[in-house]
Structure formats: structure tokens, C-alpha cells
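# What the coordinates show
Here's the letter readout for the chains.
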Amino acid sequence: MRTFLATSAVALGLTACAGQTTAPAQPAAPAPAAAAATKTPQCWNGDAGKFMDVGTKTAISGVNVVCEKTSDGKNAQWMGAKH
């Protein structure tokens, strides 16, 4: 009978511990809005190994291109340079 009571007490204790919840995690701090707002679209130049600003004209793999903003204004891509 003693082992039954001891086992019951241990099981009750474990059940009580398992039912507890932990405190919710703190939300991550939001990124500064000023840094995101000032970021301008750029194009990656694999030949030079760096990003280039919108309006930059260069030759990539022998093709004359210019970095232009996409229609949504959020990104940029290389387009064939118009002569």
C-alpha cells in the first residue's frame, strides 16, 4: 500500500509540473524603419563582384547594360543599354 501511495504522489507531482506553462517569449525588436526606408534598389554585378546603383551603365560579359528600377520600384535589374 505504501508503494501505491508513493507512486500516486509522484504521478500527481509530475502531472502538476507538466501542466504549468512558461512565460511567453519577448518579441524581437523591430528593425529601424529609417534604415529600411533609405535602402535603394541595386543590381548585382557578378563580373565586378559588387552591387551597383540604379542608373549605372556597364558591360557585363561583353553586353552593354544599365541598372534600372523594376516596375514596383522595390528592386532593380540589368536591362540592355539603349544607344
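First, a word on what this report is: a plain description of the structure on this page. (Residues numbered from 1 in each chain as written. Predicted model: local features only at pLDDT ≥ 70, side-chain atom pairs only at ≥ 80, totals over all residues. Heavy atoms only, no water.)

## So, the environment of Met-52
- Mapping Met-52 onto the fold places it in strand S2 (residues 50–53).
- Judged by its relative accessible area of 16%, Met-52 falls in the buried class.
- Residues Met-52 and Pro-41, 11 residues apart in the sequence, show an inter-C-alpha distance of 8.9 Å. (Helix = DSSP H or I, 4+ residues; strand = E, 2+ residues; numbered from the N terminus. Buried < 20%, exposed > 50% of the residue type's maximum accessible area, 1.4 Å probe, protein only.)

## Focus: the packing of aromatic side chains
- Using the criterion set out here, one finds one aromatic pair in the structure.
- Aromatic pair Trp-44 and Phe-51: ring centres 4.9 Å apart, planes at 70 degrees, arrangement edge-to-face.
- Judged by relative accessible area, Trp-44 falls into the partly exposed class, the value being 44%. (Phe/Tyr/Trp six-rings, centres within 6.5 Å; stacked < 30°, edge-to-face > 60°.)

## Some words on the sheet that holds strand S4 (residues 63–69)
- Reading across the sheet, the three strands line up as S3-S4-S5 and stay open at both edges, with antiparallel pairing between neighbours. Since the sheet does not close on itself, it has two edges, and those belong to strand S3 (57–60) and strand S5 (76–80), each with one partner. On average, each strand axis in the sheet is inclined to that of its neighbour by 45 degrees, with strand direction left out of account.
- Pairing between S3 and S4: four bridges, direction antiparallel. Residue Ile-60 lies in a different strand from S4, and its bridge partner there is Val-63. (Pairing = 2+ DSSP bridges. Axes fitted to C-alpha atoms, helices over the stretch in contact; angles between N-to-C directions.)

## With respect to the layout of surface pockets
- In this structure, the largest pocket encloses a volume near 170 Å³.
- Partitioning the lining of the largest pocket into residue classes produces three nonpolar, four polar and two charged. (1 Å grid on protein atoms, 1.4 Å probe; cavity = no way out; pocket = protein on both sides within 12 Å on 5 of 7 lines; lining within 4 Å. Points joined across faces, edges and corners; volume = space filled by probe spheres on them. Nonpolar A, V, L, I, M, F, W, Y, C, P; charged D, E, K, R; others polar.)

That's the geometry; what it means functionally is another story.
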